[in-house]
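# Commentary on secondary and tertiary structure
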Amino acid sequence: MRKQFFLFSTVLLMASLFSTTLQAQWSEAKLQSMYSNFLDGKGYENSIDGDGDVQFIYNDRTFFIEVNEGDTEFFRVVLANIWPIESVSEGLQVVQACDEVNRTMKCTKAYTTNDNVWVAVELFVGEPDVFKAVFDRCLNAIELGVTTFVDEM
């Protein structure tokens, strides 16, 4: 029983150290740099915003990639403020339109933040740099989400 406990404790300690090492490998600055360099390579003007996220222009709209060093397996790209909610009755329509996006689309979310509609794609990527293979699809999904939302309004 002691050997099993010692073995289990050793494995748990090694896993903890390994996990901490991997987490430290992807600091906020390293994630920002990776996203920014990727966007530069695609020709997208970009910068670090006040929240530490990487903001960029695509098809004349301002998007951002959330930088989350606390969960490096999570990737999120967002198009904020696509539709201001100007009344309670419009807010009810917005809820229905967001629901249509969320119900019919893969990985795409439409939701309200501060009386405005945002559309995002959220994925679990395993390793932070894996997003590169699906980035264009994420942007297309967001644009389709916007179209679906506007059509429902």
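The preceding data block contains the structure.
With respect to the helices, strands and loops of the structure, Gly126 is situated in the loop between strand S6 (116–124) and helix H4 (135–152). The class for Gly126 is partly exposed, based on a relative accessible area of 33%. A sequence separation of 51 residues divides Gly126 from Phe75, and the C-alpha atoms of the two residues are 9.3 Å apart.

A surface patch of negative charge is lined by Asp71, Glu73, Glu127 and Asp129. Looking at the element boundaries, Asp71 is found in the loop between strand S3 (61–65) and strand S4 (74–84). Here Asp71 falls in the partly exposed class, since its relative accessible area comes to 31%.

Here we come to the nonpolar core. By size, the foremost hydrophobic cluster in this structure holds 36 residues, and its most contacted members are Tyr35, Phe56, Phe75, Val77 and Phe135. Looking at this core, the elements with two or more residues in it are helix H2 (28–41), strand S2 (54–58), S3, S4, helix H3 (88–104), S6 and H4. Take this core: its biggest share by element is seven residues, from H4. With residues up to four places along the chain from it excluded, the contact list for Phe75 reads Tyr35, Ile65, Val121, Glu122, Leu123, Val125, Phe131, Phe135 and Cys138. Counting residues in each nonpolar core, the second largest holds six residues, with Ala80, Tyr111, Trp118 and Ala120 among its members.

On to the sheet that holds strand S1 (residues 46–48), then. A sheet is described by the order of its strands in space; here six strands give the open sequence S1-S2-S3-S4-S6-S5, paired in antiparallel fashion. A single partner strand is all that each edge strand has here, and the edge strands are S1 and strand S5 (108–113). Strand-to-strand twist across the sheet, computed as the mean angle between neighbouring axes with direction ignored, equals 25 degrees. When S4 meets S6, the two strands line up antiparallel, connected through eight bridges. Residue pairing in the sheet places Val77 in a bridge with Val121 of S6. Lying over the sheet, H4 contacts S2, S3, S4, S5 and S6, oriented at roughly 30 degrees with respect to S4.

The subject of this paragraph is the layout of surface pockets. Roughly 220 Å³ of volume is contained in the largest pocket. Lining the largest pocket are Met105, Lys106, Cys107, Thr108, Val121, Leu123, Val134, Arg137, Cys138, Ala141 and Leu144. Elements supplying a minimum of two residues to the lining of the largest pocket: S6 and H4. Examining the composition of the lining of the largest pocket, we find that four residues originate from one element, H4, more than from any other. In terms of residue class, the lining of the largest pocket is made up of eight nonpolar, one polar and two charged.

Let us now look at H2. Side chains that are three or four residues apart share a direction in an α-helix, a result of its 3.6 residues per turn. Its 14 residues give H2 an end-to-end C-alpha distance of 20 Å, which sits within 8% of 20 Å, the value for a rise of 1.5 Å per residue. The set of residues buried in H2 consists of Leu31, Gln32, Met34, Tyr35, Ser36, Phe38 and Leu39. A positive backbone phi angle near 80 degrees is found at Gly43, which sits one or two residues after H2.

Bridge count for S5 against S6 is six bridges, and the pairing is antiparallel. Directly across from Thr113, in S6, lies its bridge partner Asn116. Taken together, S5 and the strand that follows it, S6, pair antiparallel across an intervening segment of two residues, in which Asn114 is found at a positive phi of about 50 degrees.

About the criteria used
- Residues numbered from 1 in each chain as written.
- Predicted model: local features only at pLDDT ≥ 70, side-chain atom pairs only at ≥ 80, totals over all residues.
- Heavy atoms only, no water.
- Helix = DSSP H or I, 4+ residues; strand = E, 2+ residues; numbered from the N terminus.
- Buried < 20%, exposed > 50% of the residue type's maximum accessible area, 1.4 Å probe, protein only.
- Patch = residues over 30% accessible without salt bridge, like charges linked within 9 Å, V, L, I, M, F, W, Y side chains within 5 Å.
- Areas by Shrake-Rupley, 256 points an atom, 1.4 Å probe, with all protein chains shown as cover.
- Salt bridge = Lys/Arg side-chain N within 4 Å of Asp/Glu carboxyl O.
- Lys, Arg positive; Asp, Glu negative; His and termini not counted.
- Charge placed at Lys NZ, Arg CZ, Asp CG, Glu CD.
- Core = buried A, V, L, I, M, F, W, Y, C linked by side-chain atoms within 4.5 Å.
- Contact = heavy atoms within 4.5 Å.
- Pairing = 2+ DSSP bridges.
- Axes fitted to C-alpha atoms, helices over the stretch in contact; angles between N-to-C directions.
- 1 Å grid on protein atoms, 1.4 Å probe; cavity = no way out; pocket = protein on both sides within 12 Å on 5 of 7 lines; lining within 4 Å.
- Points joined across faces, edges and corners; volume = space filled by probe spheres on them.
- Nonpolar A, V, L, I, M, F, W, Y, C, P; charged D, E, K, R; others polar.
- Expected span 1.5 Å × (residues − 1).

Geometric descriptors of this kind do not, in isolation, establish any biological role.
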